[in-house]
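# Observations on chain architecture
One letter stands for each residue in the lines below.
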Amino acid sequence: MRLKHALLGALLAATVISSAAVVAQNDKPTVPAALEAKIKTLSKDKRDFLTSDPAEMFAGSYDKLFERLATKTPEEISAYIEAMMDAVAASKFNAKTDMAAIPLDTDNENFNGWKLRRPAGLDPKREPGPFELSYYAHGRGGGVYGGGIATFAGAPVAIFPEDLVAGKVDVAIVGAPLDMGSGYRGAKGGPSAMRTQYGAGGIDMYTMVDPSKELKIVDYGDIAVDNMSTERTVAHVRERVAEIARTGAIPFIVGGDHSLEYSDVAGIADVHGKGSFGVVHFDSHYDAGKGGVHFITHGAPVYRAVKEGHVLGKNYIQVGLRGPWPEKEGFEWMRDNGVRYHAMPEVEKNGWAATMERALKEARESGKKLYVSFDVDVLDPAFIPGTGTPVPGGLTMREAIPIVRRLCAENDLVGFEIVELAPVLDPTYRSALNANFIMHACLTGVAMRKKGIRQAGYLSDLTTEHGQPFYGDKAAKDGKAEKVDPGFARGGRRPTT
């Protein structure tokens, strides 16, 4: 008994299993003959447990477990297995000792105060529509001149859905500063960092399209977050995302951690209908973890979205997967549910260009509307050090920008999110800068579509071909070439001697 208790304590201390790692194991191992001889007197329950998923997880692999047991006596093996079984039993919910739900004080008068809409009567009356926040004529939202209050893409502000309707807004960028769905804090700073960094506005040199000129873009503020409850927060985020979509504007959500994908996708489905659109999910992780205690974390939004039918598995496309998760079972889950995936091993095998074209073709072929979910950790940490779960070997900015632009230009976009930016983890500004350029690529795609540019992979002739010497010679002949003026720097005055 003392041996059993000692083993139980050691196993319980060593068993810290993340929800992401709890996966189904279909392949039963073969017990080595030498060990088989020692366990022939074990009960059926213990023999079955020896080749179960929990038993493997205690040791890391069946081979390691069998090797560990091979040196023990039959009595020690029996006690060891019993200790593992007791540890598994102790890990389960106990109605007598455990809380099934976190109780809230529903009698509190401020129960919903955190998400209460500001009453119109508290402010001066104004006509519905977007409005500027800057004192300066050319300082939109703290833009290039630095005046005013910083906004996404230097855009004007809208507060209520009636502002979006009155302004005939095309894109409403909204912050969702949630980071409780992750084991790492800091993603709540994403919206403020992207507002105060450039890169989301201006012309796109690849296409010579300026989203700010073609689209009516607004900063829709930040969605309220209950910093004590991810569950309450994602429910409210879902309401606000649907609120934007109902006006006809495209929601662009700036996170926050990736648990937001569930609420964002569900909010879009509430308006456009379940199963009516596909999702391209950029991430180094597949985020379809299941079997955890929490139904929503930043590692589980894809599973929950598919499980609840908001998006069909066959309409999910994964791009950029790499690193130690998922294991075999995760890829099998994707295959079983029709999910298309393009992991970095495919890129290594076929090259990025071929992989990108394959993913773009798959996104278009269903004919459905499209939602783009961009986790910044799909990029190599060299470009985004400011993220909680970086994985080496990711996409470069030169690879990411074109595919995002094309997805948003070549499909009917219903929403876009960029998540997992944690600026506190980056002492430089490049993480927020690059995140803004990714968002700008999608804004450019939406603007191209509005302009009627439907050519796949369109690039501007002006920036892809200099056309010399023809254009230089023609300009000189037409008197358009720059005239040389030696006194230019002196205001045209000749130097005195």
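Residues numbered from 1 in each chain as written. Predicted model: local features only at pLDDT ≥ 70, side-chain atom pairs only at ≥ 80, totals over all residues. Heavy atoms only, no water.

### Structural notes on the sheet that holds strand β5 (residues 316–319)
- Taken in spatial order, the eight strands make up an open sheet running β2-β1-β3-β8-β7-β4-β5-β6, and their pairing is parallel. What marks the edges here is a single partner per strand, and that holds for β2 (217–222) and β6 (340–342). In this sheet, adjacent strand axes meet at a mean angle of 15° when their direction is disregarded.
- Pairing geometry for strand β4 (residues 277–282) and β5, over four bridges, is parallel. Within β5, the residue paired with His281 across the bridge is Gln318.
- This element, helix α10 (residues 230–246), spans β1 (171–176), β2 and β3 (250–255) of the sheet and lies at about 150° to β3.
- Of the strands in this sheet, β4, β7 (369–375) and β8 (413–419) touch helix α16 (residues 397–409), which is tilted by about 155° from β7. (Pairing = 2+ DSSP bridges. Helix = DSSP H or I, 4+ residues; strand = E, 2+ residues; numbered from the N terminus. Axes fitted to C-alpha atoms, helices over the stretch in contact; angles between N-to-C directions. Contact = heavy atoms within 4.5 Å.)

### Section: the packing of α10 against helix α11 (residues 260–272)
- The contact between α10 and α11 brings their axes to 8 Å, and the two run at 40°. Taken together, α10 and α11 sit at an angle that is classed as oblique. In this structure, α10 meets α11 at a crossing whose hand is right-handed. When α10 is examined against α11, the residues Val234, Val237, Arg238, Val241, Ala242, Ala245 and Arg246 are found in contact with a partner set consisting of Leu260, Tyr262, Ser263, Asp264, Ala266, Gly267, Ile268, Asp270, Val271 and His272.
- Here the contact of α10 with α11 is composed, by residue class, of ten nonpolar, three polar and four charged. (Parallel < 35°, antiparallel > 145°, perpendicular 65-115°, else oblique. Left-handed = near helix turned anticlockwise from the far one by under 90°. Nonpolar A, V, L, I, M, F, W, Y, C, P; charged D, E, K, R; others polar.)

### Overview of the pattern of salt bridges
- For the structure shown, the criterion picks out 24 salt bridges.
- As a salt-bridge pair, Asp226 and Arg232 come within 2.9 Å of each other at their nearest N and O atoms.
- Measuring nitrogen to oxygen at the nearest pair gives 3.5 Å for the salt bridge that ties Glu362 to Arg358. Taken together, the positions of Glu362 and Arg358, both in helix α15 (residues 352–365) and four residues apart, correspond to about one turn of that helix. (Salt bridge = Lys/Arg side-chain N within 4 Å of Asp/Glu carboxyl O.)

### Some remarks on the confidence of the model for the protein chain
- Per-residue confidence for the protein chain gives a mean pLDDT of 91, with 92% of residues at or over 70.
- A low-confidence stretch, residues 1–26 (pLDDT under 50), is modelled with 34 contacts involving residues beyond four sequence positions or located in other chains. (pLDDT = per-residue confidence, 0-100.)

### Some words on unusual backbone geometry
- Residue Gly256 is bonded to the preceding Gly255 through a cis peptide linkage, with omega at 15°.
- Among the secondary structure elements, Gly256 is positioned in the loop between β3 and α11.
- Residue Pro326 is reached from Trp325 by a cis peptide bond, and omega for that bond is 10°.
- Structurally, the position occupied by Pro326 is in the loop between β5 and α13 (328–336).
- With a phi close to 50°, Lys168 is a non-glycine residue in the positive phi region.
- With respect to the element layout, Lys168 can be found in the loop between α7 (161–166) and β1.
- Despite not being glycine, Glu420 has its phi angle at roughly 70°, a positive value.
- For Glu420, the position within the fold is in the loop between β8 and α17 (430–451).

### Remarks on the side chain of Ser259
- Checked against the element boundaries, Ser259 lands in the loop between β3 and α11.
- Beyond its immediate stretch of four places on either side in the chain, Ser259 contacts Leu178, Gly181, Thr230, Val234, Ile296, Thr297, His298 and Pro301.

### A few points about the state of the cysteines
- Applying the stated rule across the entire model yields one disulfide.
- Two residues share a disulfide in this structure: Cys408 and Cys442, whose sulfurs sit 2.1 Å from each other. Given an S-S torsion of about -95°, the disulfide between Cys408 and Cys442 has left-handed geometry. Within this pair, whereas Cys408 is found in helix α16, its partner Cys442 is found in helix α17, the two being separated by 34 residues in sequence. A single burial state applies to Cys408 and to Cys442, both of which are buried. (Disulfide = S-S within 2.5 Å. Buried < 20%, exposed > 50% of the residue type's maximum accessible area, 1.4 Å probe, protein only.)

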